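# A structural walkthrough
Here are the chains, one letter per residue:
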Amino acid sequence: MRKLRKYVVRKAFKDYLPERNDFEIVDEVIPALNDGEFLVKAEYISVDPYMRSFADGRDVPYDQFGFQVGKVVDSRNSHYPADIHVVSHSGWRDFSVLTAEPDPMFNVTPYRPHTGSLPISLAIGALGMPGITAYLGLTEICDPKENETVCVTSAGGAVGSLVGQIAKLKGCTVIGFAGSDHKVNMLLNELGFDYAFNYKTTNVKEALNSTGNIDCYFDNVGGELAKIILGNMKEHGRVAICGSISTYGKKSRRKALKAPVSVKMEAFSFTQWDITKQQAAVSQLRDWLESGAIKAKETITNGFEELPDTLLAMLKGENVGKAVVKV
Ligand SMILES: NC(=O)C1=CN([C@@H]2O[C@H](COP(=O)(O)OP(=O)(O)OC[C@H]3O[C@@H](n4cnc5c(N)ncnc54)[C@H](OP(=O)(O)O)[C@@H]3O)[C@@H](O)[C@H]2O)C=CC1
Ligand SMILES: CCCCCC(=O)/C=C/[C@@H]1[C@@H](C/C=C\CCCC(=O)O)[C@@H](O)C[C@H]1O
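Per an unreviewed UniProt entry, the chain goes by the name 15-oxoprostaglandin 13-reductase and belongs to Manduca sexta. We quote the UniProt Sequence similarities (unreviewed entry) comment for the chain here in full: "Belongs to the NADP-dependent oxidoreductase L4BD family."

## Topic: the sheet that holds strand β4 (residues 62-63)
Overall, antiparallel pairing links the three strands, which are arranged β2-β1-β4 in an open sheet. Only two strands of the sheet have a single partner each, and these edge strands are β2 (23-29) and β4. Note: strand β1 (residues 3-9) against β4, two bridges, orientation antiparallel. Bridge pairing in β4 links Val8 to Asp63.

## Quick notes on the pattern of salt bridges
A pair can form between side chains of opposite charge whenever their charged atoms are brought close. Under the definition given, this model contains 19 salt bridges. The salt bridge partner of Glu190 is Lys295, with a shortest N-O separation of 3.9 Å. Here the residue Glu190 occupies a position in the loop between α4 (181-189) and β10 (195-198), and Lys295 occupies one in the loop between α7 (275-291) and β14 (298-302), the gap between them amounting to 105 residues. Judged by its relative accessible area of 38%, Lys295 is partly exposed. Note that Lys264 and Glu266 form a salt bridge whose closest N and O atoms lie 3.8 Å from each other. The partly exposed category is assigned to Lys264, whose relative accessible area is 37%. Given a relative accessible area of 30%, Glu266 falls into the partly exposed group.

## Topic: the sheet that holds strand β11 (residues 214-219)
Pairing in this open sheet of six strands is parallel, and the strands run β10-β9-β8-β11-β12-β13 from one edge to the other. The open sheet terminates on both sides in strands that have one partner only, identified here as β10 and β13 (263-267). Sheet twist, expressed as the mean angle between neighbouring strand axes with direction ignored, is 15°. Relative to β11, strand β8 (residues 149-153) runs parallel, the two sharing three bridges. Bridging from a neighbouring strand, Val150 pairs with Cys216 of β11.

## Describing the nonpolar core
Residues Trp92, Phe177 and Tyr217 are the most contacted members of the largest nonpolar core, which totals 93 residues. When residues in this core are grouped by element, the largest group, eight residues, is from helix α2 (residues 129-142). Discounting residues that sit within four places of it in the chain, Phe177 has contacts with Cys151, Val152, Thr153, Ser154, Ala155, Phe197, Tyr199, Val204, Ala207, Leu208, Leu225 and Ile229. Ranked by size, the runner-up nonpolar core spans seven residues in total, among them Phe38, Val72, Tyr80 and Ile84.

## Details of the site of ligand 1
Taken together, 28 residues lie near ligand 1, and Lys183, Tyr199, Tyr248, Phe270 and Asn319 sit nearest. Within the residue set of the shell around ligand 1, elements represented by two or more residues are α2, α3 (158-169) and α8 (307-316). A per-class count over the shell around ligand 1 returns 15 nonpolar, twelve polar and one charged.

Conventions and cut-offs
- Residues numbered from 1 in each chain as written.
- Chains lettered and ligands numbered in written order.
- Predicted model: local features only at pLDDT ≥ 70, side-chain atom pairs only at ≥ 80, totals over all residues.
- Heavy atoms only, no water.
- UniProt positions renumbered as here; feature names shortened; annotations may be inferred.
- Pairing = 2+ DSSP bridges.
- Helix = DSSP H or I, 4+ residues; strand = E, 2+ residues; numbered from the N terminus.
- Salt bridge = Lys/Arg side-chain N within 4 Å of Asp/Glu carboxyl O.
- Buried < 20%, exposed > 50% of the residue type's maximum accessible area, 1.4 Å probe, protein only.
- Axes fitted to C-alpha atoms, helices over the stretch in contact; angles between N-to-C directions.
- Core = buried A, V, L, I, M, F, W, Y, C linked by side-chain atoms within 4.5 Å.
- Contact = heavy atoms within 4.5 Å.
- Near = heavy atom within 4 Å.
- Nonpolar A, V, L, I, M, F, W, Y, C, P; charged D, E, K, R; others polar.

Listed below in C-alpha coordinates is the structure:
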(Lines give C-alpha, C1' and ligand atoms only; values in the text may rest on other atoms or scores of the structure.)
(Ligands and ions follow the chains in the order given, each with its own letter.)
Protein backbone atom coordinates (compact mmCIF):
# COMPACT_ATOMS: atom_id res chain seq x y z
CA MET A 1 0.00 0.00 0.00
CA ARG A 2 1.58 3.24 -1.16
CA LYS A 3 1.19 6.27 1.09
CA LEU A 4 1.43 10.02 0.64
CA ARG A 5 2.30 12.65 3.22
CA LYS A 6 0.45 15.91 3.61
CA TYR A 7 0.46 18.81 6.05
CA VAL A 8 -2.64 19.58 8.06
CA VAL A 9 -2.99 22.85 9.96
CA ARG A 10 -4.20 21.53 13.32
CA LYS A 11 -4.24 24.73 15.36
CA ALA A 12 -5.29 28.21 14.31
CA PHE A 13 -2.29 30.54 14.08
CA LYS A 14 -2.31 32.73 17.19
CA ASP A 15 0.16 35.32 16.01
CA TYR A 16 1.74 36.63 12.81
CA LEU A 17 4.23 33.76 12.94
CA PRO A 18 2.62 30.33 13.08
CA GLU A 19 4.19 27.79 15.43
CA ARG A 20 5.86 24.64 14.19
CA ASN A 21 3.35 22.57 16.18
CA ASP A 22 0.39 24.20 14.43
CA PHE A 23 1.27 21.84 11.56
CA GLU A 24 1.08 18.07 11.52
CA ILE A 25 2.24 15.60 8.88
CA VAL A 26 -0.49 13.05 8.13
CA ASP A 27 -0.10 9.87 6.08
CA GLU A 28 -2.78 8.84 3.63
CA VAL A 29 -3.12 5.77 1.44
CA ILE A 30 -2.75 6.58 -2.25
CA PRO A 31 -5.87 5.11 -3.82
CA ALA A 32 -5.91 3.21 -7.11
CA LEU A 33 -6.51 5.65 -9.98
CA ASN A 34 -9.95 5.95 -11.55
CA ASP A 35 -10.53 6.96 -15.16
CA GLY A 36 -9.57 10.63 -15.65
CA GLU A 37 -7.19 10.67 -12.67
CA PHE A 38 -3.43 11.02 -12.59
CA LEU A 39 -0.84 10.82 -9.83
CA VAL A 40 1.68 13.63 -9.38
CA LYS A 41 4.90 13.41 -7.37
CA ALA A 42 5.78 16.87 -6.04
CA GLU A 43 9.19 18.33 -6.93
CA TYR A 44 8.88 21.89 -5.59
CA ILE A 45 6.31 23.18 -3.14
CA SER A 46 5.61 26.85 -2.58
CA VAL A 47 5.43 28.87 0.64
CA ASP A 48 3.64 32.20 0.22
CA PRO A 49 2.33 35.08 2.32
CA TYR A 50 -1.30 34.22 1.52
CA MET A 51 -0.83 31.04 3.59
CA ARG A 52 -0.77 33.45 6.53
CA SER A 53 -3.35 36.00 5.39
CA PHE A 54 -5.92 33.43 4.23
CA ALA A 55 -5.52 31.43 7.45
CA ASP A 56 -7.41 33.97 9.53
CA GLY A 57 -11.02 32.97 10.03
CA ARG A 58 -10.49 29.52 8.53
CA ASP A 59 -11.75 26.58 10.60
CA VAL A 60 -9.09 24.10 11.66
CA PRO A 61 -8.10 21.45 10.81
CA TYR A 62 -7.49 22.11 7.12
CA ASP A 63 -5.05 20.77 4.57
CA GLN A 64 -2.36 23.36 3.93
CA PHE A 65 -3.14 24.85 0.53
CA GLY A 66 -0.54 26.07 -1.94
CA PHE A 67 1.01 25.74 -5.37
CA GLN A 68 3.39 22.96 -6.29
CA VAL A 69 5.02 21.64 -9.43
CA GLY A 70 5.62 17.95 -9.89
CA LYS A 71 5.83 15.10 -12.35
CA VAL A 72 3.03 12.77 -13.41
CA VAL A 73 4.11 9.29 -12.32
CA ASP A 74 0.95 7.36 -13.16
CA SER A 75 -2.02 8.34 -15.28
CA ARG A 76 -5.46 7.39 -16.48
CA ASN A 77 -5.91 10.74 -18.23
CA SER A 78 -4.49 11.13 -21.74
CA HIS A 79 -4.20 14.91 -21.35
CA TYR A 80 -1.86 14.44 -18.38
CA PRO A 81 0.38 11.52 -19.42
CA ALA A 82 3.22 10.10 -17.33
CA ASP A 83 6.46 12.11 -17.22
CA ILE A 84 5.01 15.57 -17.92
CA HIS A 85 5.28 18.33 -15.34
CA VAL A 86 2.11 19.76 -13.84
CA VAL A 87 1.48 22.85 -11.71
CA SER A 88 -1.41 22.43 -9.32
CA HIS A 89 -2.85 24.00 -6.22
CA SER A 90 -2.78 20.70 -4.36
CA GLY A 91 -0.96 22.06 -1.33
CA TRP A 92 1.75 20.71 0.88
CA ARG A 93 1.67 17.02 -0.07
CA ASP A 94 4.30 14.83 -1.70
CA PHE A 95 1.87 12.92 -3.92
CA SER A 96 -1.48 14.14 -5.29
CA VAL A 97 -4.23 12.30 -7.11
CA LEU A 98 -5.64 14.91 -9.50
CA THR A 99 -8.19 15.29 -12.25
CA ALA A 100 -8.55 18.02 -14.87
CA GLU A 101 -11.03 19.76 -12.54
CA PRO A 102 -10.01 22.86 -10.56
CA ASP A 103 -9.40 22.48 -6.84
CA PRO A 104 -12.58 23.37 -4.89
CA MET A 105 -11.04 25.99 -2.60
CA PHE A 106 -9.02 28.20 -4.99
CA ASN A 107 -10.34 27.15 -8.39
CA VAL A 108 -6.94 26.42 -9.95
CA THR A 109 -6.98 23.87 -12.78
CA PRO A 110 -3.84 21.70 -13.03
CA TYR A 111 -1.76 22.87 -15.99
CA ARG A 112 1.47 22.16 -17.84
CA PRO A 113 4.09 24.79 -17.05
CA HIS A 114 5.93 26.72 -19.76
CA THR A 115 9.38 27.09 -18.32
CA GLY A 116 11.23 26.27 -21.57
CA SER A 117 14.92 25.77 -20.86
CA LEU A 118 14.64 27.40 -17.43
CA PRO A 119 14.51 25.57 -14.07
CA ILE A 120 11.16 23.92 -13.37
CA SER A 121 11.01 25.53 -9.89
CA LEU A 122 10.28 28.84 -11.65
CA ALA A 123 6.85 27.44 -12.56
CA ILE A 124 5.75 28.39 -9.03
CA GLY A 125 7.88 31.53 -8.93
CA ALA A 126 8.84 34.01 -11.63
CA LEU A 127 6.91 31.99 -14.23
CA GLY A 128 3.95 31.31 -11.94
CA MET A 129 1.71 33.18 -9.56
CA PRO A 130 4.31 35.66 -8.20
CA GLY A 131 5.61 36.50 -11.69
CA ILE A 132 2.12 37.03 -13.07
CA THR A 133 1.30 39.20 -10.06
CA ALA A 134 4.40 41.35 -10.57
CA TYR A 135 3.97 41.76 -14.31
CA LEU A 136 0.21 42.39 -14.46
CA GLY A 137 0.01 44.39 -11.25
CA LEU A 138 2.73 46.71 -12.48
CA THR A 139 1.80 47.03 -16.15
CA GLU A 140 -1.99 47.02 -15.81
CA ILE A 141 -2.47 49.06 -12.64
CA CYS A 142 0.60 51.27 -12.33
CA ASP A 143 1.21 51.43 -16.10
CA PRO A 144 4.60 53.12 -15.62
CA LYS A 145 5.93 55.40 -18.35
CA GLU A 146 9.54 56.03 -19.35
CA ASN A 147 11.37 58.35 -16.94
CA GLU A 148 8.76 57.92 -14.21
CA THR A 149 9.75 56.88 -10.70
CA VAL A 150 8.50 53.52 -9.41
CA CYS A 151 8.74 52.45 -5.77
CA VAL A 152 8.25 48.87 -4.56
CA THR A 153 8.26 47.39 -1.06
CA SER A 154 9.33 43.88 -0.10
CA ALA A 155 11.63 44.56 -3.03
CA GLY A 156 13.94 41.63 -2.34
CA GLY A 157 11.11 39.11 -2.42
CA ALA A 158 9.44 37.02 -5.11
CA VAL A 159 7.06 39.67 -6.45
CA GLY A 160 9.00 42.82 -5.54
CA SER A 161 12.30 41.79 -7.12
CA LEU A 162 10.51 41.27 -10.44
CA VAL A 163 8.47 44.46 -10.20
CA GLY A 164 11.63 46.55 -9.87
CA GLN A 165 13.39 44.83 -12.77
CA ILE A 166 10.36 45.15 -15.06
CA ALA A 167 10.09 48.84 -14.18
CA LYS A 168 13.76 49.28 -15.14
CA LEU A 169 13.02 47.67 -18.52
CA LYS A 170 10.24 50.25 -18.95
CA GLY A 171 12.83 53.01 -18.54
CA CYS A 172 11.86 54.03 -15.01
CA THR A 173 13.87 55.12 -12.01
CA VAL A 174 13.34 52.40 -9.40
CA ILE A 175 13.33 52.65 -5.62
CA GLY A 176 13.15 49.49 -3.49
CA PHE A 177 12.61 49.01 0.21
CA ALA A 178 13.72 45.74 1.80
CA GLY A 179 14.42 44.44 5.29
CA SER A 180 18.13 43.60 5.19
CA ASP A 181 21.40 45.08 3.95
CA HIS A 182 22.01 41.89 2.02
CA LYS A 183 18.79 42.43 0.04
CA VAL A 184 19.59 46.12 -0.45
CA ASN A 185 23.02 45.28 -1.89
CA MET A 186 21.48 42.72 -4.21
CA LEU A 187 18.91 45.23 -5.48
CA LEU A 188 21.57 47.85 -6.17
CA ASN A 189 24.42 45.69 -7.43
CA GLU A 190 22.69 42.76 -9.08
CA LEU A 191 19.18 43.74 -10.09
CA GLY A 192 19.83 47.30 -11.29
CA PHE A 193 17.65 49.26 -8.87
CA ASP A 194 18.56 52.96 -8.76
CA TYR A 195 17.90 53.31 -5.04
CA ALA A 196 17.40 50.71 -2.33
CA PHE A 197 16.97 51.16 1.40
CA ASN A 198 16.74 48.94 4.45
CA TYR A 199 13.42 50.11 5.90
CA LYS A 200 14.40 48.70 9.30
CA THR A 201 17.46 50.92 9.69
CA THR A 202 16.70 53.93 7.45
CA ASN A 203 14.55 56.97 8.04
CA VAL A 204 12.13 56.29 5.19
CA LYS A 205 10.91 59.87 4.93
CA GLU A 206 14.47 61.18 4.61
CA ALA A 207 15.30 58.45 2.09
CA LEU A 208 12.39 59.54 -0.08
CA ASN A 209 13.42 63.18 0.22
CA SER A 210 16.70 62.13 -1.38
CA THR A 211 15.07 60.24 -4.26
CA GLY A 212 12.29 62.64 -5.18
CA ASN A 213 8.60 61.89 -5.33
CA ILE A 214 7.00 58.79 -6.79
CA ASP A 215 4.76 58.22 -9.82
CA CYS A 216 3.98 54.55 -9.16
CA TYR A 217 3.91 52.66 -5.88
CA PHE A 218 3.63 48.86 -5.88
CA ASP A 219 2.56 48.13 -2.30
CA ASN A 220 3.43 44.69 -0.93
CA VAL A 221 3.41 45.56 2.75
CA GLY A 222 0.74 48.08 3.82
CA GLY A 223 1.06 49.54 7.33
CA GLU A 224 3.41 52.35 8.36
CA LEU A 225 5.83 51.93 5.48
CA ALA A 226 3.05 52.26 2.92
CA LYS A 227 1.69 55.29 4.76
CA ILE A 228 5.01 57.14 4.53
CA ILE A 229 5.51 56.23 0.88
CA LEU A 230 2.00 57.40 0.02
CA GLY A 231 2.92 60.75 1.54
CA ASN A 232 5.57 61.09 -1.16
CA MET A 233 3.47 60.45 -4.26
CA LYS A 234 3.27 62.80 -7.22
CA GLU A 235 -0.07 64.20 -8.34
CA HIS A 236 -1.81 61.67 -10.66
CA GLY A 237 0.35 58.82 -9.35
CA ARG A 238 -0.79 55.21 -9.45
CA VAL A 239 -0.76 52.76 -6.54
CA ALA A 240 -1.11 48.99 -6.98
CA ILE A 241 -2.16 47.44 -3.68
CA CYS A 242 -0.81 43.93 -4.03
CA GLY A 243 -0.65 42.84 -0.41
CA SER A 244 -0.15 44.05 3.13
CA ILE A 245 2.12 41.55 4.82
CA SER A 246 2.90 43.91 7.70
CA THR A 247 -0.73 43.58 8.80
CA TYR A 248 -1.27 39.82 8.40
CA GLY A 249 -2.26 38.14 11.62
CA LYS A 250 -2.92 41.50 13.28
CA LYS A 251 -6.28 42.27 14.85
CA SER A 252 -6.73 45.46 12.88
CA ARG A 253 -5.93 44.57 9.29
CA ARG A 254 -5.28 47.06 6.51
CA LYS A 255 -6.41 50.52 7.52
CA ALA A 256 -7.62 52.73 4.72
CA LEU A 257 -4.47 54.32 3.38
CA LYS A 258 -4.66 57.69 1.69
CA ALA A 259 -2.29 59.92 -0.25
CA PRO A 260 -2.32 63.68 0.29
CA VAL A 261 -2.42 64.24 -3.48
CA SER A 262 -4.74 62.84 -6.12
CA VAL A 263 -3.67 59.29 -7.05
CA LYS A 264 -5.32 56.21 -8.51
CA MET A 265 -5.22 53.45 -5.91
CA GLU A 266 -6.33 49.93 -6.75
CA ALA A 267 -6.19 46.68 -4.78
CA PHE A 268 -5.89 43.63 -6.98
CA SER A 269 -5.55 39.88 -7.07
CA PHE A 270 -3.66 38.33 -9.97
CA THR A 271 -6.71 36.07 -10.41
CA GLN A 272 -8.69 39.02 -11.82
CA TRP A 273 -6.94 38.67 -15.18
CA ASP A 274 -8.01 35.90 -17.54
CA ILE A 275 -5.84 32.96 -18.45
CA THR A 276 -4.85 34.46 -21.83
CA LYS A 277 -3.46 37.54 -20.15
CA GLN A 278 -1.72 35.45 -17.49
CA GLN A 279 -0.11 33.25 -20.16
CA ALA A 280 1.04 36.31 -22.12
CA ALA A 281 2.65 37.60 -18.91
CA VAL A 282 4.47 34.29 -18.42
CA SER A 283 5.61 34.28 -22.03
CA GLN A 284 7.06 37.80 -21.71
CA LEU A 285 8.75 36.97 -18.41
CA ARG A 286 10.24 33.80 -19.90
CA ASP A 287 11.66 35.76 -22.86
CA TRP A 288 13.22 38.28 -20.51
CA LEU A 289 14.66 35.55 -18.28
CA GLU A 290 16.05 33.58 -21.22
CA SER A 291 17.69 36.66 -22.69
CA GLY A 292 19.11 37.68 -19.31
CA ALA A 293 17.14 40.95 -19.26
CA ILE A 294 15.84 40.04 -15.79
CA LYS A 295 16.90 37.58 -13.09
CA ALA A 296 14.75 35.26 -11.02
CA LYS A 297 16.07 35.00 -7.49
CA GLU A 298 15.09 31.94 -5.46
CA THR A 299 15.70 30.60 -1.97
CA ILE A 300 15.41 26.83 -2.24
CA THR A 301 15.19 24.75 0.93
CA ASN A 302 15.56 20.98 0.78
CA GLY A 303 13.13 18.55 2.40
CA PHE A 304 9.41 18.06 2.84
CA GLU A 305 9.90 18.26 6.63
CA GLU A 306 11.20 21.81 6.23
CA LEU A 307 7.95 23.29 4.88
CA PRO A 308 6.66 24.89 8.11
CA ASP A 309 10.06 26.36 9.00
CA THR A 310 10.45 27.65 5.45
CA LEU A 311 7.10 29.42 5.72
CA LEU A 312 8.22 30.96 9.02
CA ALA A 313 11.55 32.02 7.53
CA MET A 314 9.79 33.73 4.62
CA LEU A 315 7.39 35.55 6.93
CA LYS A 316 10.44 36.71 8.93
CA GLY A 317 12.12 38.00 5.77
CA GLU A 318 14.87 35.40 5.49
CA ASN A 319 14.10 34.57 1.85
CA VAL A 320 15.72 36.29 -1.11
CA GLY A 321 13.42 36.12 -4.10
CA LYS A 322 10.95 33.24 -4.22
CA ALA A 323 10.90 30.83 -1.27
CA VAL A 324 10.33 27.22 -2.34
CA VAL A 325 10.93 23.78 -0.90
CA LYS A 326 12.47 20.99 -3.00
CA VAL A 327 10.99 17.65 -2.01
N1 LIG B 1 -2.58 40.45 -4.94
C2 LIG B 1 -2.09 39.32 -5.39
O3 LIG B 1 -2.57 38.72 -6.36
C4 LIG B 1 -0.91 38.74 -4.71
C5 LIG B 1 -0.41 39.36 -3.62
N6 LIG B 1 0.75 38.92 -3.03
C7 LIG B 1 1.27 39.73 -1.95
O8 LIG B 1 2.51 40.28 -2.39
C9 LIG B 1 3.36 40.48 -1.27
C10 LIG B 1 4.73 39.85 -1.56
O11 LIG B 1 4.54 38.45 -1.72
P12 LIG B 1 5.78 37.54 -2.12
O13 LIG B 1 6.63 38.24 -3.09
O14 LIG B 1 5.26 36.21 -2.44
O15 LIG B 1 6.57 37.43 -0.74
P16 LIG B 1 8.09 37.80 -0.49
O17 LIG B 1 8.96 36.88 -1.27
O18 LIG B 1 8.25 39.26 -0.69
O19 LIG B 1 8.25 37.40 1.03
C20 LIG B 1 7.62 38.10 2.03
C21 LIG B 1 8.49 39.25 2.53
O22 LIG B 1 7.71 40.16 3.27
C23 LIG B 1 8.58 41.00 3.98
N24 LIG B 1 7.99 41.35 5.27
C25 LIG B 1 7.64 40.56 6.29
N26 LIG B 1 7.11 41.28 7.29
C27 LIG B 1 7.17 42.57 6.91
C28 LIG B 1 6.80 43.81 7.52
N29 LIG B 1 6.26 43.85 8.75
N30 LIG B 1 6.99 44.94 6.83
C31 LIG B 1 7.52 44.91 5.60
N32 LIG B 1 7.90 43.79 4.96
C33 LIG B 1 7.72 42.63 5.61
C34 LIG B 1 9.88 40.21 4.18
O35 LIG B 1 10.91 40.89 3.46
P36 LIG B 1 11.80 42.05 4.13
O37 LIG B 1 13.13 41.44 4.38
O38 LIG B 1 11.84 43.09 3.07
O39 LIG B 1 11.12 42.50 5.37
C40 LIG B 1 9.60 38.88 3.50
O41 LIG B 1 10.71 38.35 2.85
C42 LIG B 1 2.64 39.91 -0.07
O43 LIG B 1 1.98 40.96 0.59
C44 LIG B 1 1.62 38.97 -0.70
O45 LIG B 1 0.51 38.77 0.13
C46 LIG B 1 1.43 37.86 -3.52
C47 LIG B 1 0.95 37.18 -4.60
C48 LIG B 1 -0.30 37.51 -5.24
C1 LIG C 1 -4.71 30.57 -5.98
C2 LIG C 1 -4.92 31.72 -5.12
C3 LIG C 1 -3.65 32.36 -4.71
C4 LIG C 1 -3.94 33.58 -3.95
C5 LIG C 1 -2.78 34.49 -3.92
C6 LIG C 1 -3.31 35.83 -3.79
O7 LIG C 1 -3.95 36.30 -4.66
C8 LIG C 1 -3.09 36.50 -2.58
C9 LIG C 1 -3.41 37.71 -2.48
C10 LIG C 1 -3.72 38.36 -1.24
C11 LIG C 1 -4.30 39.69 -1.53
C12 LIG C 1 -5.73 39.60 -1.99
C13 LIG C 1 -6.13 40.48 -3.06
C14 LIG C 1 -6.34 41.80 -3.10
C15 LIG C 1 -5.56 42.80 -2.41
C16 LIG C 1 -6.30 43.44 -1.28
C17 LIG C 1 -5.35 44.24 -0.45
C18 LIG C 1 -5.66 44.14 1.01
O19 LIG C 1 -6.67 44.67 1.43
O20 LIG C 1 -4.85 43.53 1.75
C21 LIG C 1 -4.20 40.36 -0.18
O22 LIG C 1 -5.39 40.23 0.49
C23 LIG C 1 -3.17 39.66 0.58
C24 LIG C 1 -2.59 38.60 -0.30
O25 LIG C 1 -2.23 37.51 0.45
